[in-house]
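# Overview (structure and organization)
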Amino acid sequence: MQANRVTLITLGVADLALSKAFYAALGWVLEEATDDVAFYDIGGAKFGLYSLGKMAEDLDLSIEDLGRGASNLSQNYPTEAEVDAAYDLALSAGAKPVKKPAAIFWGGYSGAFADPDGHIWEVACNPFWLLNDEGHIA
């Protein structure tokens, strides 16, 4: 089995209902949920939203000790226009603007927004990474 892989990405959220509504407004399709967690299929892996209290309990940590590691999640699009559309959709769904999409020094085009819990999402067009029909890096 390949070592460098990710099978589940889980974000801790303060208000699961609010976060589920935000991702639904972005067009995400909920796969399954309980009172404390929601899962989405992301093509060969899962994406989860987990209430902070339950996440802390599962890890034997306090909510304060969960920390806020510097990271961002990214979605690539084949065109700059699609990046702009994804960014605008996120803002209309309630995202906080972080960086308006613009040309980047390395030859791409990207912008960023924050979800209701402050998780940073980048939307980008990377001309060096071709995408297949499902939107995966080919």
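Placed above this text is the structure.
Below is a summary of the structure that appears in this document.

In terms of helices and strands, the protein carries three helices and eight strands. Listing every helix and strand of the protein by position from the N terminus yields β-α-β-β-β-α-β-α-β-β-β. Here the C-alpha radius of gyration of the protein, 16 Å, is about what a compact globule of 138 residues would show, namely 14 Å. Expressed as lengths along the three principal axes of its C-alpha atoms, the size of the protein is roughly 45 × 40 × 25 Å. Side-chain charges in the protein split into 8 positive and 20 negative, and the spacing between the mean points of these groups amounts to 3 Å.

This brings us to helix 3 (residues 80-92). When the terminal C-alpha atoms of helix 3 are compared, their 18 Å separation across 13 residues agrees well with the 18 Å that a helix rising 1.5 Å per residue should span. All of the buried residues in helix 3 are Val83, Ala86, Tyr87 and Ala90. Along the axis of helix 3, the buried positions cluster into a sector of 100°, meaning they face one direction only. Away from its buried face, by an angle of more than 90 degrees, helix 3 presents the exposed residues Ala81 and Ser92. Positive phi appears at Gly94, one or two residues downstream of helix 3, with a value of about 110°.

Our focus in this paragraph is unusual backbone geometry. A positive phi angle, near 55°, is found at Asp60, a position not held by glycine. Of note, Asp60 is situated in the loop between helix 2 (52-59) and strand 5 (73-76). A relative accessible area of 72% means that Asp60 is categorised as exposed.

On the surface, a nonpolar cluster with roughly 660 Å² of combined accessible area is contributed by Phe105, Trp106, Phe128, Trp129 and Ile137. Tracing the backbone through its elements, the reader meets Trp106 in the loop between strand 6 (96-103) and strand 7 (109-114).

The strand order across the open sheet built from four strands is 1-4-3-2, with neighbouring strands paired in mixed fashion. The open sheet has two edge strands with one neighbour each: strand 1 (8-13) and strand 2 (30-33). The mean angle between the axes of side-by-side strands here comes to 20°, regardless of whether they run parallel or antiparallel. Pairing between strand 3 (residues 37-41) and strand 4 (residues 46-51): five bridges, direction antiparallel. The residue bridging Phe39 from the neighbouring strand is Gly48, located in strand 4.

Reading guide: rules and limits
- Residues numbered from 1 in each chain as written.
- Predicted model: local features only at pLDDT ≥ 70, side-chain atom pairs only at ≥ 80, totals over all residues.
- Heavy atoms only, no water.
- Helix = DSSP H or I, 4+ residues; strand = E, 2+ residues; numbered from the N terminus.
- Rg over C-alpha atoms; globule rule 2.2 N^0.38 Å.
- Lys, Arg positive; Asp, Glu negative; His and termini not counted.
- Charge placed at Lys NZ, Arg CZ, Asp CG, Glu CD.
- Expected span 1.5 Å × (residues − 1).
- Buried < 20%, exposed > 50% of the residue type's maximum accessible area, 1.4 Å probe, protein only.
- Arc of directions from axis to C-beta.
- Patch = residues over 30% accessible without salt bridge, like charges linked within 9 Å, V, L, I, M, F, W, Y side chains within 5 Å.
- Areas by Shrake-Rupley, 256 points an atom, 1.4 Å probe, with all protein chains shown as cover.
- Salt bridge = Lys/Arg side-chain N within 4 Å of Asp/Glu carboxyl O.
- Pairing = 2+ DSSP bridges.
- Axes fitted to C-alpha atoms, helices over the stretch in contact; angles between N-to-C directions.

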